[in-house]
Amino acid sequence: MDFLQWVAVSSFFLILASSSPEQLWMGTSLENSFAHHRHKREWQWNSIFVQEEQTPPFPHKIGKLKSTRFNKNAMFIIQGEGANTIFNVDAQGDLFVNQPLDREEKEIYKLQAEIRENLTGVVLEEADHFYIKVLDINDNAPKFEQSQYKGSVKEGSPEGTSVLTVKALDPDDATTENGKVVYELIEGTDAFYIDRTTGTIKTKVSSLDREKKSSYKLTVRAKDMPNFSTGGSTTTTVAITLEDENDNKATFKYPQYEFEIKENEPARFTVGKMQIEDKDEPQNKNPVFNIEDSECRKIFDIKTDLQKDGAIFLLQPLDYENKQRYTFEVAVSEETVPSAQVRSHKNDKARVTVNVLDVDEPPVFTNETYRFHVKENVPVNTIIGRVSAWDPDKANKTIRYEINKGFPVRINEETGELLTAKELDRELNALHQLIVTAVEYYPEGLKSHVTVTLNVLDVNDNPPELDMPYNPIVCENDGPGMLIQRIRATDKDEQTPDAKISFSLAEPSANFSLTDNHDGTANITVKQGGFTDKETEKYVLSVVVRDNGIPPQSSTTTLTITVCKCDVNRENHHCRSHYKGAGVSVPAIIVILLCIITIIVIVLLFVLRKRYRKDALVNLSKGSGEIHEQLVSYDEEGGGEMDTNGYDVSVLNSARHNNVRPEPSLYAKVQKPTGKADMAIMIEVKKDEADHDKDGIPYDTLHIYGYEGPESLAGSLSSLETSSSDSNLDYDFLNDWGPRFKTLAELYGVDGSEDDFEC
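Counting of residues starts from 1 at the beginning of each chain's written sequence and follows it residue by residue. The predicted nature of this model means local features are confined to residues of pLDDT at least 70 and side-chain atom pairs, given and counted, to a pLDDT of 80 or more, with totals for whole chains, interfaces and linings taken over all residues. Hydrogens and waters are ignored; side-chain quantities use all the structure's heavy atoms.

1. Notes on the overall build of the protein chain
Reasoning step 1: To qualify as a helix, a DSSP run of H or I must reach at least 4 residues; to qualify as a strand, a run of E must reach at least 2; elements of each kind are numbered from the N terminus. Of regular secondary structure, the protein chain possesses nine helices and 45 strands.
Reasoning step 2: Relative accessibility thresholds used throughout: buried, under 20% of the residue-type maximum; exposed, over 50%; partly exposed, between the two (1.4 Å probe, protein chains only). By residue count, 34% of the 759 residues in the protein chain fall in the buried class.
Reasoning step 3: Within the protein chain, counting contacts between residues at least 6 apart in sequence, those at least 24 apart form 68% of the total.
Reasoning step 4: Only the protein chains shown count as cover for residues, and the accessible areas themselves come from Shrake-Rupley with a 1.4 Å probe. When the accessible surface of the protein chain is totalled, it reaches about 47,000 Å², and 52% of it is carbon and sulfur. In what follows, a contact means two residues having at least one pair of non-hydrogen atoms within 4.5 Å.

Structure (structure tokens):
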């Protein structure tokens, strides 16, 4: 900023400082503002402003407060925004700033000042507002709203077409050069330019071509203080993409195309593709193809595929035997934008050759499907119809016919005639669908298939029948004309519009009438009343149902009408015969009760038998003398002869070796159990005996081991009967087993007589 600009700005803020913001915003003239203040106050304001971002040391003097009422005994007092913190005033009215200020944070500070007597505090000059304006310096560079911009423009756009606008903001004062921003294009000036003031980027030429160059990268610089060489600046990048236009005509890639196709290919089969060249993007490719030969247009067609190439496909099957080659020309054209610059018209036509390949084709049926009609119940071997197929090849091979199994129809393999294999029943199956196969007899045996539909026609071979069951009732209080049942009949035969079913009684009834409703139903009504279930419990009606077919068919059904006691509305009734038929007879109830009693007796006998056997075993065990031992505790290695202190072994030996053999104990006399269940019973008995014995400590009975004692074939497993000859065994090897077996070695390894080890 040069000196003249500084003076102008300073003068502006000098005036601004003496005026309130309200006056400035409302458009009040500064002269009127000054006149107004002089009229009311004695203040003499100087211009008060401060430049932002001042450097230390602080404070800096920024102005002086003056008033005609100030004297040496007076003092200034300020209040408001930043008073006595950011701003201070001394006794002479000099105003100071105590710290750097930032205009971008706050531009104007509103304060008020007054003058008071030092000693008394009397107000000499009443408070009045004044403003401190923060002057801007160029301490901020412009900043773009986006770090990178993206835009697009259609290729071939005229010169001056707007692409996009960039925008940079400068926080400095926009009314000064510090905050004004201008734009400059640094890179990409060959195809684009930028508006210096608005930042709008526009095309510089009208020859932008996506096929030559599809995108551009520009660099834009934003700078403040446009009229000075100094100032802050920043840059950003702009990516511009050219949008494709249909400005290139499609042409064939090759002047000739040749394809091969088998003669048996179906219609809509793709013969081949004619590739095109078009530099435009796929969405802007719109080629149009045309086959110029009118005869070939009946056989072939060409359409645009997904890749925008020309796809040739069949309109009808080919026949090698009739024609082996097709040749025609195809033209391609395309509508482009008016501004398109057509590069070339080369290859806008191409010649196409289609060679037909011969194949051995399967037989061809004369019809795509067959449908025949035959009446039901016709005799076996009745001719239904005939299918026919032929060989399309020049060989004209013989054809044989086959039919799938599981149908009541057979086929003559040479002629193709269909015949009934058994009688047909329309009511079981009214429609049959067969698959007939035609086979080349020699040599490949190619096959073709065709569907044959066989409709079985109806004949009147079923009588109408009532829709059973019916359980009509008649109440004792029913009078003449009372409807007691409506019956319906159906006929399994096919019902034509003129088919009718009639009803009648096989024998006249004195009590009931049958009325035909002529709609497949009939009403049974009371002819005369006076019914009672004591005289007659039920009545029987024989109903005849007849159709009008050729020949007519009829059926007779017997209906049983039960006499019941009913209420007035016939809703609740009681029929004695009905309950007799539906209930359970007395003899049946007696048989059921006898069966239940028999089962209960068998169960009781089984329980008593088991209880009796258990009590017998308990009595036997209590009545017999038993030899038992007291349970004692043994050490780990055994106590040797001291073990005999726990019980008297001599009793056992005497019982074993006495010359007079003792009478076997009662348990020995009892027959040993032979099954698992009996053994379990015996164990349970012994457990109960031990649990209920209050006279002794828990013990086990020696006779429990009777199975391995003298009366067992297995022999004894007890160590008490070990022979004395066992002591002659050499146990010296126990000395080699270590100190843990020392005691055992001393017992069994020392020399001594056999008596030393007798019990």
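2. Description of the packing of aromatic side chains
Reasoning step 1: Aromatic pairs are defined between Phe, Tyr and Trp rings, using the six-membered ring for Trp, whenever the two ring centres lie within 6.5 Å; interplanar angles under 30 degrees are classed as stacked, those over 60 as edge-to-face, and all others as tilted. Taken as a whole and assessed by the stated rule, the structure comprises 16 aromatic pairs.
Reasoning step 2: When the ring of phenylalanine 252 is compared with that of phenylalanine 289, the centres are 6.0 Å apart and the planes differ by 45°; the resulting orientation is tilted. Taken together, the residues span a long stretch of sequence, with phenylalanine 252 in strand S17 (residues 251-252) and phenylalanine 289 in strand S21 (residues 287-291) at a distance of 37 residues. Across this residue pair, the class does not change: phenylalanine 252 and phenylalanine 289 are buried.
Reasoning step 3: Between phenylalanine 512 and phenylalanine 531, the aromatic rings sit 5.5 Å apart at their centres with planes inclined by 15°, giving stacked as the arrangement. Separated by 19 residues along the polypeptide, phenylalanine 512 in strand S39 (residues 512-516) and phenylalanine 531 in the loop between strand S40 (521-526) and strand S41 (538-547) bring together distant segments of the chain. The residues phenylalanine 512 and phenylalanine 531 share a single accessibility class, namely buried.

3. Considerations on the pattern of salt bridges
Reasoning step 1: Counted as salt bridges are all cases of a side-chain nitrogen of Lys or Arg within 4 Å of a carboxyl oxygen of Asp or Glu. In this structure the tally under the stated criterion is 25 salt bridges.
Reasoning step 2: Between arginine 221 and glutamate 184 there is a salt bridge, with the nearest N and O atoms lying 2.4 Å from each other. One end of the pair, arginine 221, is in strand S15 (residues 215-224); the other, glutamate 184, is in strand S12 (residues 181-187), with 37 residues separating them in the sequence.
Reasoning step 3: For arginine 221, a relative accessible area of 29% corresponds to the partly exposed category.

4. Considerations on the sheet that holds strand S10 (residues 162-165)
Reasoning step 1: A strand pair is defined by DSSP finding two or more bridges across the two strands. The strand order across the open sheet built from three strands is S10-S14-S13, with neighbouring strands paired in antiparallel fashion. One side of each edge strand has no neighbouring strand; the edge strands of this open sheet are S10 and strand S13 (192-194). Pairs of neighbouring strands in the sheet enclose a mean axial angle of 20°, with direction left out of account.
Reasoning step 2: Sheet topology note: the S10/strand S14 (residues 200-203) ladder contains three bridges and is antiparallel. Looking across to S14, one finds that leucine 164 is bridged to isoleucine 201. Think of each axis as a best-fit line through the C-alpha atoms, taken over the contacting stretch in the case of a helix, with angles from 0 to 180 degrees between the N-to-C directions.

5. So, a nonpolar patch on the surface
Reasoning step 1: Together, Ile589, Ile592, Leu593, Ile596, Ile600 and Leu604 give the surface a local cluster of nonpolar side chains, amounting to about 550 Å² of exposed area.
Reasoning step 2: Classification of isoleucine 600 as partly exposed rests on a relative accessible area of 46%. Patch membership requires more than 30% relative accessible area and the absence of a salt bridge. Residues of like charge join within 9 Å; the nonpolar side chains Val, Leu, Ile, Met, Phe, Trp and Tyr join within 5 Å.

6. A word on the sheet that holds strand S35 (residues 465-466)
Reasoning step 1: Spatially, the four strands line up as an open sheet ordered S35-S37-S40-S39, and their pairing is antiparallel. Pairing within the sheet leaves two strands with one partner each, and these edge strands are S35 and S39.
Reasoning step 2: Taken together, the five bridges between strand S37 (residues 483-490) and S40 define a ladder with antiparallel strand orientation. Within S40, the position partnered with arginine 486 by the bridge is asparagine 523.

7. Side note on the environment of isoleucine 681
Reasoning step 1: By secondary structure assignment, the location of isoleucine 681 is in helix H8 (residues 676-691).
Reasoning step 2: Each C-alpha atom of the pair isoleucine 681 and arginine 613 lies 8.6 Å from the other, and the pair is 68 residues apart in sequence.

8. Remarks on the environment of isoleucine 186
Reasoning step 1: Topologically, isoleucine 186 is positioned in strand S12.
Reasoning step 2: Residues isoleucine 186 and threonine 235, spaced 49 residues apart in sequence, show a C-alpha to C-alpha distance of 9.1 Å.
Reasoning step 3: Residues in contact with isoleucine 186, not counting those within four places in the same chain, are Thr219, Arg221 and Thr235.

9. Let's talk about the nonpolar core
Reasoning step 1: Judged by nonpolar contacts, the single largest core of 25 residues is most densely connected at Phe252, Met274, Phe300, Ile312, Phe328, Val330 and Val352.
Reasoning step 2: Residue assignment for this core shows that the elements contributing at least two residues are strand S18 (256-262), strand S19 (270-274), S21, strand S22 (300-304), strand S23 (310-314), strand S24 (325-334) and strand S25 (349-357).
Reasoning step 3: Apart from residues lying up to four places away in sequence, methionine 274 is in contact with Phe252, Tyr257, Phe259, Ile302, Asp309, Gly310, Ile312, Val330, Ala350 and Val352. By convention a nonpolar core is built from buried Ala, Val, Leu, Ile, Met, Phe, Trp, Tyr and Cys residues, the set being connected through side-chain atoms within 4.5 Å.

10. Re the side chain of asparagine 246
Reasoning step 1: When you line up the elements, asparagine 246 lands in the loop between strand S16 (233-243) and S17.
Reasoning step 2: A polar side-chain atom of asparagine 246 sits 3.3 Å from the main-chain carbonyl oxygen of asparagine 284.
Reasoning step 3: Polar contacts, as counted here, are pairs of nitrogen or oxygen atoms within 3.5 Å of one another; within protein the pair requires one atom able to donate a hydrogen and one able to accept it, and residues that are adjacent in sequence qualify only if both atoms are side-chain atoms. Reaching out from asparagine 246, the side chain makes a polar contact with the backbone oxygen of glutamate 335 at a distance of 2.8 Å.

11. Section: the state of the cysteines
As used here, a disulfide is simply a covalent bond connecting the sulfur atoms of two cysteines.
Reasoning step 1: Any pair of cysteine sulfurs within 2.5 Å is marked as a disulfide. Under the definition given, this model contains two disulfides.
Reasoning step 2: In this model cysteine 475 forms its disulfide with cysteine 566; the gap between the sulfur atoms is 2.0 Å. Disulfide cysteine 475-cysteine 566: the torsion about the S-S bond is -80°, which places it as left-handed. Within this pair, whereas cysteine 475 is found in strand S36 (residues 473-475), its partner cysteine 566 is found in strand S42 (residues 554-566), the two being separated by 91 residues in sequence.
Reasoning step 3: Judged by relative accessible area, cysteine 475 falls into the buried class, the value being 0%.
Reasoning step 4: Taking the relative accessible area as the measure of exposure, cysteine 566 reaches 18% and is therefore buried.
Reasoning step 5: Disulfide pairing is shown between cysteine 564 and cysteine 575; the S-S distance is 1.6 Å. Around the S-S axis, the bridge from cysteine 564 to cysteine 575 shows a dihedral of about 105° and counts as right-handed. With a gap of 11 residues between them, cysteine 564 in strand S42 and cysteine 575 in the loop between strand S43 (573-574) and helix H4 (576-582) connect regions that are remote in the sequence.
Reasoning step 6: You can call cysteine 564 buried: its relative accessible area is 0%.
Reasoning step 7: The exposure class of cysteine 575 is buried, given its relative accessible area of 4%.
Reasoning step 8: Taken in sequence order, the bonded cysteines of the protein chain link in the pattern 1-3, 2-4.

12. A short note on unusual backbone geometry
Reasoning step 1: Of the consecutive residues proline 56 and proline 57, the connecting peptide bond is found in the cis state with omega at 5°.
Reasoning step 2: Considering the arrangement of structural elements, one finds proline 57 in the loop between strand S1 (49-51) and strand S2 (60-64).
Reasoning step 3: For the bond from isoleucine 550 to proline 551, the omega torsion is -10°, close enough to zero to count as cis.
Reasoning step 4: Looking at the element boundaries, proline 551 is found in the loop between S41 and S42.
Reasoning step 5: Not every positive phi belongs to a glycine, and lysine 308 is a case in point at roughly 65°.
Reasoning step 6: As for its position among the elements, lysine 308 is in the loop between S22 and S23.
Reasoning step 7: For lysine 308, a relative accessible area of 18% corresponds to the buried category.

13. Comments concerning the pairing of S39
Reasoning step 1: On S39, burial follows the alternation: Phe512, Leu514 and Asp516 on one face are buried, whereas Ser513 and Thr515 on the facing-out side are not.
Reasoning step 2: Bridge count between S39 and S40: five bridges; the pairing is antiparallel. Looking at S40, one finds that aspartate 516 is bridged to alanine 522.
Reasoning step 3: Connecting the antiparallel pair S39 and S40 is a turn made up of four residues, with histidine 518 showing a positive phi of about 60°.

14. Topic: the confidence of the model for the protein chain
Reasoning step 1: Note: pLDDT gives the predictor's confidence per residue, expressed from 0 to 100. Averaged over all residues, the pLDDT of the protein chain is 79; the fraction at 70 or higher stands at 76%.
Reasoning step 2: Low confidence marks residues 577-582, where pLDDT is under 50. Its contacts with residues over four positions away, or in another chain, come to four contacts.
Reasoning step 3: Confidence drops under a pLDDT of 50 for residues 720-727, and excluding neighbours within four residues, the segment shows eight contacts in the predicted structure.

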